[in-house]
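Listed below, chain by chain, are the residues.
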Amino acid sequence: MLVGDPHCRPEDDTKHEQDVIKDYLSLQYAALEAAEPDLVVLMGDNAGGNTPEEVRETLLRITQPYVQTDTPFTFILGNHDLQYAGMDLKTLYRIYASLPGIIMPEDITDFGDFRLSVRDPETGDPALELLCVYSGSNAEARDYSVYDYVQPEQLRWIKATTEETTRRCGHVPTVVFQHIPVPEEYALLKESAPFVMLGGGVAGQNETRGKFFTKRKGVEGYFGEAPCSPGYNSKEFEVFKETGSVFAAFFGHDHLNDFVGMHDGIILGQCKTASFNVYGDGLRQGVRILDFRQDAPFVLDTHMLRYRDLLGKKCRSLSGSIAVLHDKTSMKLHAFGRVGIAAAVIALPPAIIRAAKQYRNKRK
Ligand SMILES: [Fe+2]
Ligand SMILES: [Fe+2]
């Protein structure tokens, strides 16, 4: 079960903050009951705090549903986690390692990447490998990329790790979890005319600003914002292909998107936010379920479990009308809103002049 962008803040007793965490926890408990997952993955931008103790407290709060249901969990970091925590990678990883119920190997690279192996219970051989990759924060050279990209050393690690498994056991199905999506997500989209925003298209941002996009045929799920992948392509996707083992990669970071599609033989999928603490689209918030079967390697089933499907409209942090309004639309409503404002700006001055003339004529 993938949990996108929890963005949990330290304990705060304002009513809204309390409501936000209650809604997050309600969603987690309902999803755990519905899916009974073997493993939960926090997809980055997980938790903040001003001190190491505060970060740990926040993490304990958001992981409490997994501990209470005996569901193991693991994580990747997002671009905000080190910023929130104000500490280095090693210190933050030590805090994660101290959490009850966490699955985390000792063998972690200096860049924060690690591998988890799901083993065949009879032979002990790996049946599925999960690569948890840290995609950094903001790019140092911001003139060519707003967000960071996976570094050459990390790409060498992905290659070496999969090659080592392949040498021992042949190609083992491998899935990558990473916060910032690879630029190839744009291959699941097609460029469109601006007016498609009224029909479900979205405007580009950062490096794709000025362009407009819709989903390509065959891409499933919700497309609400242009992917915020790095502007610089470090060829990570090419490395996925070269391994012959990576057959799927799932990402967080874009809070609205939960589309999934196939590009060049590899499944690329988004996991939207499960939080009510950040921008989102009402009751569509949810978690993504991945189903793997040992008798069908290199295949997976996936679907979203949304707040509205699990819990209906009983939401504390979004009032009824706001929740429904958000839920209908997000970006589409913004587009309609802009058209409405433009129409009002054009129509209003002549209407005011007409009304003023009528008033003057009446007084005459
Ligand atoms: Fe985020
Ligand atoms: Fe992010």
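Residues numbered from 1 in each chain as written. Chains lettered and ligands numbered in written order. Predicted model: local features only at pLDDT ≥ 70, side-chain atom pairs only at ≥ 80, totals over all residues. Heavy atoms only, no water.

**Concerning the coordination of the iron ion (ligand 1)**
Filter applied, for reference: Each metal's donors are the N, O and S atoms found within 2.8 Å of it, except that Na, K and Ca use a 3.2 Å limit; water is left out, so coordination can look incomplete. Note on geometry labels: four donors, all angles 85 to 135 degrees, give tetrahedral; four donors become square planar and six octahedral when opposite donors are over 155 degrees apart and every other angle is between 65 and 115; remaining cases are irregular. Only DSSP runs of H or I reaching four residues or more are called helices, and only runs of E reaching two or more are called strands; each is numbered from the N terminus. Burial classes follow relative accessibility: with a 1.4 Å probe on protein chains only, a residue under 20% of its type's maximum area counts as buried, one over 50% as exposed, and anything between as partly exposed.
Within the first shell, the iron ion (ligand 1) binds the protein through Asp5 (OD), His7 (NE2), Asp45 (OD) and His255 (NE2), at distances of 2.0 to 2.3 Å. With 4 donor atoms in place around the iron ion (ligand 1) and angles of 87 to 173° between them, the coordination shape is irregular. Site description for the iron ion (ligand 1): donor spacing in sequence, D-x1-H-x37-D-x209-H. Between the iron ion (ligand 1) and the iron ion (ligand 2), a separation of 3.3 Å is found, and both are coordinated by Asp45. In this pair, Asp45 sits in the loop between β2 (40-42) and α2 (52-68) while His255 sits in the loop between β10 (246-251) and β11 (260-263), placing the two residues 210 residues apart along the sequence. Across the pair, exposure class does not vary: Asp45 and His255 are buried alike.

**Focus on the nonpolar core**
Going by this rule: By convention a nonpolar core is built from buried Ala, Val, Leu, Ile, Met, Phe, Trp, Tyr and Cys residues, the set being connected through side-chain atoms within 4.5 Å.
Residues Phe177 and Phe250 are the most contacted members of the largest nonpolar core, which totals 62 residues. Per-element tally for this core: the top contributor is helix α1 (residues 15-35), with 8 residues. Counting 25 residues, the second largest nonpolar core, distinct from the first, contains Leu188, Leu189, Phe223 and Val239.

**Some thoughts on the coordination of the iron ion (ligand 2)**
Geometry reference: four tetrahedral donors at a metal, ideal angle 109.5 degrees. Six octahedral donors, ideal angles 90 or 180 degrees. The protein atoms that coordinate the iron ion (ligand 2) are Asp45 (OD), Asn79 (OD1), His179 (NE2) and His253 (ND1), at distances spanning 2.1 to 2.3 Å. Taken together, the 4 donor atoms surrounding the iron ion (ligand 2) define angles of 89 to 165° at the centre, an arrangement classified as irregular.

**Some details on the sheet that holds strand β8 (residues 202-203)**
The test is simple: For two strands to pair, DSSP has to find at least two bridges joining them.
If you walk across this open sheet you meet the 3 strands as β7-β9-β8, and the pairing is antiparallel. One side of each edge strand has no neighbouring strand; the edge strands of this open sheet are β7 (189-192) and β8. Bridge count between β8 and strand β9 (residues 212-215): 2 bridges; the pairing is antiparallel. Residue Val202 lies in a different strand from β9, and its bridge partner there is Phe213.

**A short note on the pattern of salt bridges**
Spelled out, the test is: Here a salt bridge means any side-chain nitrogen of Lys or Arg lying within 4 Å of a carboxyl oxygen belonging to Asp or Glu.
Tallying each qualifying case throughout the model produces 14 salt bridges. With its nearest N and O atoms 2.5 Å apart, the salt bridge here joins Glu17 to Arg9. Lys241 serves as the salt-bridge partner of Glu238, at 3.7 Å between the closest nitrogen and oxygen. Of this pair, Glu238 and Lys241 both sit in helix α6 (residues 236-243), 3 residues apart, which is roughly one turn of that helix. For Glu238, a relative accessible area of 31% puts it in the partly exposed group.

**With respect to the sheet that holds strand β12 (residues 266-270)**
Selection rule: Note on geometry: axes are lines fitted to C-alpha atoms, helical ones only across the stretch in contact, with angles between N-to-C directions running from 0 to 180 degrees.
Across the sheet, which stays open at both edges, the 6 strands sit in the order β4-β5-β6-β10-β12-β11 with mixed pairing between neighbours. The open sheet has two free edges, formed respectively by β4 (114-119) and β11, since each of these has just one partner strand. Strand after strand, the sheet turns through a mean of 20° between neighbouring axes, direction not considered. Pairing geometry for β11 and β12, over 4 bridges, is antiparallel. In the sheet register, Gly261 faces β12, and the bridge partner there is Leu268.

**Here we look at the domain arrangement of the protein**
Put simply, the test is: Segmentation into domains, and thus their bounds, comes from an automatic or database assignment.
Domain annotation of the protein identifies domain 1 (2-329) and domain 2 (331-364). Inter-centroid distance (C-alpha atoms) of domain 1 to domain 2 is 45 Å.

**Considerations on the packing of α2 against helix α4 (residues 89-97)**
Condition: Note that the term roughly parallel is reserved for angles under 35 degrees, roughly antiparallel for angles over 145, roughly perpendicular for angles of 65 to 115, and oblique for everything else. Crossing handedness follows the turn of the near helix against the far one: under a right angle anticlockwise gives a left-handed crossing, and clockwise gives a right-handed one. By definition, residues are in contact when any of their heavy atoms lie within 4.5 Å. Ten residue types, Ala, Val, Leu, Ile, Met, Phe, Trp, Tyr, Cys and Pro, are classed as nonpolar, four, Asp, Glu, Lys and Arg, as charged, and the remainder, Gly among them, as polar.
Two elements in contact, α2 and α4, have axes separated by 10 Å at closest approach and are oriented at 40°. By the angle between their directions, the pair α2 and α4 is classed as oblique. Crossing of α2 over α4 shows right-handed handedness. Residues Pro52, Val55, Arg56 and Leu59 of α2 lie in contact with α4, whose contacting residues are Leu92, Ile95 and Tyr96. Its residues placed into classes, the contact of α2 with α4 shows 6 nonpolar, no polar and 1 charged.

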